[in-house]
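Residue-level structural notes
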Amino acid sequence: MPELDFPQIIGIVAFIIGASAFLHQDGHKFRVHLTVFQIVLCSHFVLMGAITAALGCGISALRSYASTRTQSSKVMWFFIALLWLMGLPNVGYSYELLTIFGASVATWGMFKAQGIKFRLLILFNSFCWLTNNLLLGSIGCSMMESTFIIVNLFTIVRMTKLRQKQHQN
């Protein structure tokens, strides 16, 4: 089991910040909260020496913020290209490709999806990152993605029930 040092503590702080983001049903608030979370998470990955993950989080923070301002396809494709152009040269292990792929799917979701579809794309991203974090040995980030998956599933169920209730009325 990895030792609880400063980088791991920063990962746990990111976990605490990020866990509440997935409770937002409002897409705008969710995106803003994710921006803050991803900035802290980026610093965790830098301290862990996981440069591909750090780049992915840094780009994702910018992407999350940009998606609160525009839904432009050009901006979306810029961030997806940036993820691949900056991420691929830094891949040291094949599992790190999951972070780039997952972040690309989440980027598409941030710009082109709403509601439950958006949440499902973010859920897929969480599974990609959970795999990376487990293989990296990041305690806080593995806890975080596991929690994100559970809370996001809970929110998807709530949103589905609300949608069904609205359709019945």
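Scroll up a little and you will see the structure.
Right, let's walk through the structure included here. The structure displayed is predicted, hence computed values, not measured ones.

1. As for the side chain of His33
Looking at the element boundaries, His33 is found in helix α2 (residues 27–48). When near neighbours in sequence (up to four residues on either side) are disregarded, His33 contacts Ile17, Ser20, Ala21 and His24.

2. With respect to helix α6 (residues 115–136)
Between its terminal C-alpha atoms α6 stretches 31 Å, which fits the 32 Å expected from 22 residues at 1.5 Å a residue. Note on α6: the residue one or two positions beyond its end, Gly137, has a positive phi of about 90°.

3. Some thoughts on the packing of aromatic side chains
Under the defined criterion, the tally for this structure stands at seven aromatic pairs. Measuring from centroid to centroid gives 5.6 Å for Phe30 and Phe118, while their planes differ by 80°, and the two rings are edge-to-face. With a gap of 88 residues between them, Phe30 in helix α2 and Phe118 in helix α6 connect regions that are remote in the sequence. As far as burial versus exposure is concerned, Phe30 and Phe118 are alike and both buried. Ring centres 5.3 Å apart and planes at 70° place the aromatic pair Phe78 and Phe79 in the edge-to-face group. Judged by relative accessible area, Phe79 falls into the buried class, the value being 8%. Grouped by ring-pair contacts, the aromatic residues Phe78, Phe79 and Phe111 constitute a single cluster. The ring of Phe118 has Arg31 lying over it, and the distance from NZ or CZ to the ring centre is 4.4 Å. The positively charged end of Arg119 is found above the aromatic ring belonging to Phe30, 4.2 Å away from the centroid.

4. Some details on the side chain of Asn132
Here Asn132 is to be found in helix α6. Setting aside residues no more than four positions away along its own chain, Asn132 makes contact with Phe45, Ala53, Tyr95, Glu96 and Thr99.

Cut-offs and rules
- Residues numbered from 1 in each chain as written.
- Predicted model: local features only at pLDDT ≥ 70, side-chain atom pairs only at ≥ 80, totals over all residues.
- Heavy atoms only, no water.
- Helix = DSSP H or I, 4+ residues; strand = E, 2+ residues; numbered from the N terminus.
- Contact = heavy atoms within 4.5 Å.
- Expected span 1.5 Å × (residues − 1).
- Phe/Tyr/Trp six-rings, centres within 6.5 Å; stacked < 30°, edge-to-face > 60°.
- Buried < 20%, exposed > 50% of the residue type's maximum accessible area, 1.4 Å probe, protein only.
- Lys NZ or Arg CZ within 6 Å of the ring centre and 35° of its normal.

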